[in-house]
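# Secondary and tertiary structure notes
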Amino acid sequence: MLKIENLHAEIEDKGILKGINLEVKAGEIHAIMGPNGSGKSTLASVIAGNETYAVSEGTITLDDEDLLDLSPDERAHKGVFMSFQYPIEIPGVSTTNFIKTAINENRKANGLEDLPAKEMLKMIREKSELLEMDRKFLSRSLNEGFSGGEKKRNEIFQMAMLEPKLAILDETDSGLDIDALKIVANGVNKLRNKDNAVIIITHYQRLLDHIVPDFVHVLYDGKIVKSGGKELAHELEEKGYDWIKELA
Amino acid sequence: MKYTEDDLKKELETQEYEYGFYTDIESDTFPKGLNEDVVRAISKKKNEPKWMTDWRLEAFRIWQKMAAPDWANVNYKKPDFQEIAYYSAPKKVDPNKTLDDVDSELLEMYKKLGISINEQKKMNNIAMDIVVDSVSVATTFKDALAKKGILFMPISEAIQEHPELVKKYIGTIVPQTDNFYAALNSAVFTDGSFCYIPKGVKCPMELSTYFRINEGGTGQFERTLLIADEGSYVSYLEGCTAPARDENQLHAAVVELIALDGAEIKYSTVQNWFPGDKNGKGGVFNFVTKRGICYKNSKISWTQVETGSAITWKYPSCILKGDNSVGEFYSIAVTNNYQQADTGTKMIHLGKNTKSTIISKGISAGKSQNSYRGLVQIGARAENARNFSQCDSLLMGNECGAHTFPYIECKNKTAQIEHEATTSKIGEDQLFYCNQRGIDTEKAIALIVNGFSKEVLNKLPMEFAVEAQKLLEISLEGSVG
């Protein structure tokens, strides 16, 4: 599904990603771990198309289609979703209104009519129940005055509503207490199927206790220095990241 | 050489009518220029009584001694007042018309505007008075309103039919001497709306006026006079459009509202005059004086959505004369390209326990300049007066400007005055967030702007809120990229 080859990206001429290779197949969950500043969030942003970063070399394809040629909204229309590490506030726009607009814009781009209001409401009810959200919350301004945990849960709610092909969860576990973490993980697990894929970016192993990855990759200084199965996450938890630095 | 009415008539007969891209209706236009004879001719054309003619002439003499105000934060080439035609009427209008007699080309024009009279009548339960250039074309629902004793008609008709009401109130809130443009309007106003709601009557429908400048090189000077008698209620809406032209057109209106004891007036405006093109050529100069007076326990609420005009100079105000009266001002002003807006309000607290609220949302894009200017004045006898003001500015790009000029004059120690202001910019991060969800940048801006303006949009009557929302989107089209 997603294929990244020799990806280099920089910000203000400072190299951040220095040759990433990664392949994610449909139905798989990949975890990307690594110490602070290793380039994890940059990788997520570059896949989503954030223009703050310049891609200097390499390719990203989704189902053999070049993503780098597409604008961020076009990538979203192809099924790319990113859960933000720091979700953005939009005053005066309710979560309901925002997600309704997003769904209908995606449908429009894919040649579909607007989703009828009745179905939209039904879907909102189902997905908010899945994530054990208070629906009053959905009529508040998007992310404005939300706690860190509420923001993250709202990101996963949007993911559930948009049903993306590829979901990238950037540090979704930060700011979540253990109960919320379980609810969010449960939501992600229920949403996974053989046709979609998830990339989890995290610093700690604790989320991976609840969403079990098929592969774990360790990113250090802009490169994937080690890949393995879920046991690699435990090893990192035990030994820290210092030994990884020697691999680089 | 003296210019007589006969000369004028002759000139009108030989005048060539323009046929252009604007609606192809013959129109009856005075030659350009302004002097006492033109003022007299306008009055004569309207078959006005002597007191009205005299009142106009008095205004004209006052105007001649005045200078155009230059304190506003706008820059433009002053119009040449001798280069403007002061009267333009679609020619086929007959004073005895009914709706069925309305020129089919005119009706076609309304259809283009999306305001077909019949449709409006049926669908929206809105009574409409439509002013094209200088003359009211048709007032719908007149009979239905008459049953409740409500008078809603062109002001020219009111001068004929209800001279006592017009004479009693005209110029009492905005006197001829008020300012340069108000004086000009008083001298040359050609039409506008008149409305009277009798004691205790709640007007059962929205009253609406639609203004349009069609003819080139004309000015439009409407005069609106709205009187809500004791304990009555009315919601009034005005909409404005003008076709694209590359010269600047002048629009100088005066609106006077009178809310007698316990009355409530809700006055909403959606202003979409031609703003000029991308390079700042053309557009309407909109110099408007709007003011209302509140007697005991009454309320006036101004809501405006200003997206058009090259220059906007407009301060809908409230004189809170009666005890416990309430004034409100809710405004969204959008400027794009080279538009300039200097708009706000004046809340004059004279009575005890008077209350005012000001919510102003300014949105600037392109190379435009957007200013809020507001005065909160608390008189010495206004015990326990309260004001809350909130002025928010939203900027798009790096070449536009937002300015806030709040003035406060307080002569009573018991007053409570609050002022809040914020300035924000549509951030790259907000746009990226929306983009990532599949919402393109244009749509994302519309969403963010609507969110920003929501408090004010919510104050508009339902059907116009939707229209206003669309207008915001259109006005900001192409503002990024």
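Owing to the predicted nature of the structure, the values given are computational and were not obtained by experimental measurement. (Residues numbered from 1 in each chain as written. Chains lettered and ligands numbered in written order. Predicted model: local features only at pLDDT ≥ 70, side-chain atom pairs only at ≥ 80, totals over all residues. Heavy atoms only, no water.)

## Some words on the overall build of chain A
- On a plain count of helices and strands, chain A comes out with 8 helices and 12 strands.
- Taken across its 248 residues, chain A has 54% of its residues classed as buried.
- In chain A, 68% of the contacts between residues at least 6 apart in sequence involve partners at least 24 apart.
- Only carbon and sulfur atoms are counted for the fraction: they give 45% of the accessible area of chain A, which is about 11,200 Å². (Helix = DSSP H or I, 4+ residues; strand = E, 2+ residues; numbered from the N terminus. Buried < 20%, exposed > 50% of the residue type's maximum accessible area, 1.4 Å probe, protein only. Contact = heavy atoms within 4.5 Å. Areas by Shrake-Rupley, 256 points an atom, 1.4 Å probe, with all protein chains shown as cover.)

## Some words on unusual backbone geometry
- Unlike most non-glycine residues, Asn6 of chain A shows phi in positive territory, near 45°.
- With respect to the helices and strands, Asn6 of chain A occurs in strand E1 (residues 2-11).
- You will see that Asn47 of chain B, though not glycine, has its phi angle at about 55°, which is positive.

## Overview of the sheet that holds strand E10 (residues 197-201) of chain A
Residues and elements named next belong to chain A.
- On the basis of which strands lie adjacent, the open sheet formed by 6 strands has the order E6-E9-E10-E3-E11-E12 and mixed pairing. Lying at the two open borders of the sheet, with one neighbouring strand each, are strand E6 (80-83) and strand E12 (223-228). On average, each strand axis in the sheet is inclined to that of its neighbour by 20°, with strand direction left out of account.
- Across 4 bridges, the pairing between E6 and strand E9 (residues 166-170) is parallel. Bridge pairing in E9 links Ser83 to Leu169.
- Taken strand by strand, helix H1 (residues 40-48) contacts strand E3 (29-33), E6, E9, E10 and strand E11 (215-220), and its axis lies near 145° from that of E9. (Pairing = 2+ DSSP bridges. Axes fitted to C-alpha atoms, helices over the stretch in contact; angles between N-to-C directions.)

## Things to note about the pattern of salt bridges
Residues and elements named next belong to chain B.
- Within this structure, the stated rule accounts for 29 salt bridges over all chains.
- With its nearest N and O atoms 2.7 Å apart, the salt bridge here joins Glu48 to Arg56.
- For Arg223, the salt bridge is made with Glu256, and the minimal N-O distance between the two is 2.9 Å. Of this pair, Arg223 sits in strand E9 (residues 223-228) while Glu256 sits in strand E12 (residues 254-259); the two residues are 33 residues apart in sequence, bridging distant segments of the chain.
- Using a relative accessible area of 0% as the deciding quantity, one classes Arg223 as buried.
- Exposure remark for Glu256: the relative accessible area of 0% places this residue in the buried category. (Salt bridge = Lys/Arg side-chain N within 4 Å of Asp/Glu carboxyl O.)

## Things to note about the interface of chain B and chain A
- The partner chain A presents 30 residues to the 17 residues of chain B that form the contact.
- Of the roughly 1,900 Å² buried at the junction of chain B and chain A (both faces included), carbon and sulfur atoms supply 66%.
- For the pair chain B and chain A, the number of links is 1 salt bridge.
- Put simply, Glu155 of chain A and Arg437 of chain B hold a salt bridge, and the shortest N to O gap is 2.6 Å.
- Put simply, chain B and chain A have 11 residue pairs in polar contact (both at pLDDT 80 or more) between them.
- Only helix H10 (428-436) and helix H11 (441-457) of chain B provide two or more residues apiece to the side of chain B that touches chain A.
- For the side of chain B that touches chain A, the element with the most residues is H10 of chain B, which contributes 7 residues. (Buried area = accessible area lost by both parts, 1.4 Å probe. Polar contact = N/O pair within 3.5 Å; in protein donor to acceptor, adjacent residues only side chain to side chain.)

## So, helix H2 (residues 36-45) of chain B
All names here are of chain B.
- Of the positions making up H2, those classed as buried are Val38, Val39, Ala41, Ile42 and Ser43.
- N-capping of H2 is provided by Asn35, with a side-chain oxygen placed 2.9 Å from the backbone N of Asp37.
- Within two residues after H2, Asn47 carries a phi angle of roughly 55°, on the positive side.

## Some remarks on the packing of helix H4 (residues 117-130) of chain A against helix H5 (residues 148-162) of chain A
All names here are of chain A.
- Running from N to C, H4 and H5 cross one another at 135°; their axes reach a closest spacing of 10 Å. Looking at the two axes, H4 sits oblique to H5. Seen from above, H4 lies across H5 with right-handed handedness. For the pair H4 and H5, the contacting residues are Met120, Met123, Ile124, Lys127 and Ser128 in the first and Phe157, Ala160 and Met161 in the second.
- Of the residues assigned to the contact of H4 with H5, the class counts are 6 nonpolar, 1 polar and 1 charged. (Parallel < 35°, antiparallel > 145°, perpendicular 65-115°, else oblique. Left-handed = near helix turned anticlockwise from the far one by under 90°. Nonpolar A, V, L, I, M, F, W, Y, C, P; charged D, E, K, R; others polar.)

## So, the confidence of the model for chain B
- In this model, chain B carries a mean pLDDT of 82, and residues with pLDDT of at least 70 account for 78%.
- When the criterion is pLDDT under 50, residues 1-5 of chain B qualifies, and its contacts beyond four places in sequence or with other chains add up to 8 contacts. (pLDDT = per-residue confidence, 0-100.)

## Quick word on the environment of Glu256 of chain B
Residues and elements named next belong to chain B.
- With 33 residues separating them in the primary sequence, Glu256 and Thr289 have C-alpha atoms 8.4 Å apart.
- Contacts of Glu256, omitting those with residues within four sequence positions, involve Tyr169, Ile170, Gly171, Thr172, Ile173, Val174, Arg223, Thr224, Leu225, Leu226 and Arg291.
- Among the polar contacts made by the side chain of Glu256, one reaches the main-chain amide nitrogen of Val174 at a distance of 2.9 Å.
- A polar atom in the side chain of Glu256 sits 2.9 Å from the side chain of Arg223.

## A few points about helix H3 (residues 95-109) of chain A
All names here are of chain A.
- Compared with an ideal rise of 1.5 Å per residue, which puts 15 residues at 21 Å, H3 spans 21 Å between its outermost C-alpha atoms and is within 8% of the ideal.
- Taken residue by residue, H3 has Thr95, Phe98, Ile99, Thr101, Ala102, Ile103, Asn104, Glu105 and Asn106 as its buried positions.
- Phi turns positive, to about 75°, at Gly111, one or two residues after H3. (Expected span 1.5 Å × (residues − 1).)

## Concerning the pairing of strand E20 (residues 355-364) of chain B
Residues and elements named next belong to chain B.
- When you tally the buried positions in E20, you get 9 out of 10 residues, the bulk of the element.
- Summarising the sheet, strand E18 (residues 326-335) and E20 pair through 10 bridges and their orientation is parallel. Looking at E20, one finds that Glu328 is bridged to Thr357.
- Pairing between E20 and strand E22 (residues 386-395): 10 bridges, direction parallel. Residue Ser356 lies in a different strand from E22, and its bridge partner there is Asn387.

## Quick word on the packing of aromatic side chains
- Counted by the stated rule, this structure contains 23 aromatic pairs over all chains.
- Seen from their ring centres, Phe60 of chain B and Trp63 of chain B are 5.9 Å apart, and the 35° between their planes marks the pair as tilted. Note that Phe60 of chain B and Trp63 of chain B are positioned in helix H3 (residues 50-64) at a spacing of 3 residues, about one turn of the helix.
- Judged by relative accessible area, which is 3%, Phe60 of chain B ranks as buried.
- Between the aromatic rings of Tyr86 of chain B and Phe221 of chain B, the centroid separation amounts to 5.4 Å while the plane-to-plane angle is 15°, which identifies the pairing as stacked. Here Phe221 of chain B lies in the loop between strand E8 (219-220) and E9 and Tyr86 of chain B lies in the loop between H3 and strand E2 (88-90), a separation of 135 residues in the sequence. Phe221 of chain B matches Tyr86 of chain B in its accessibility class, with the two residues each being buried.
- Through successive ring pairs, a cluster of aromatic residues spans Phe60, Trp63, Trp71, Tyr76, Phe81, Phe180, Tyr181, Phe285, Phe287, Trp313 and Tyr315 of chain B.
- Between the NZ or CZ atom of Lys239 of chain A and the centre of the ring of Trp243 of chain A, over which it lies, the distance is 4.4 Å.
- Here the guanidinium or amino end of Lys361 of chain B rests over the ring plane of Phe452 of chain B, the centre of that ring lying 5.0 Å away. (Phe/Tyr/Trp six-rings, centres within 6.5 Å; stacked < 30°, edge-to-face > 60°. Lys NZ or Arg CZ within 6 Å of the ring centre and 35° of its normal.)

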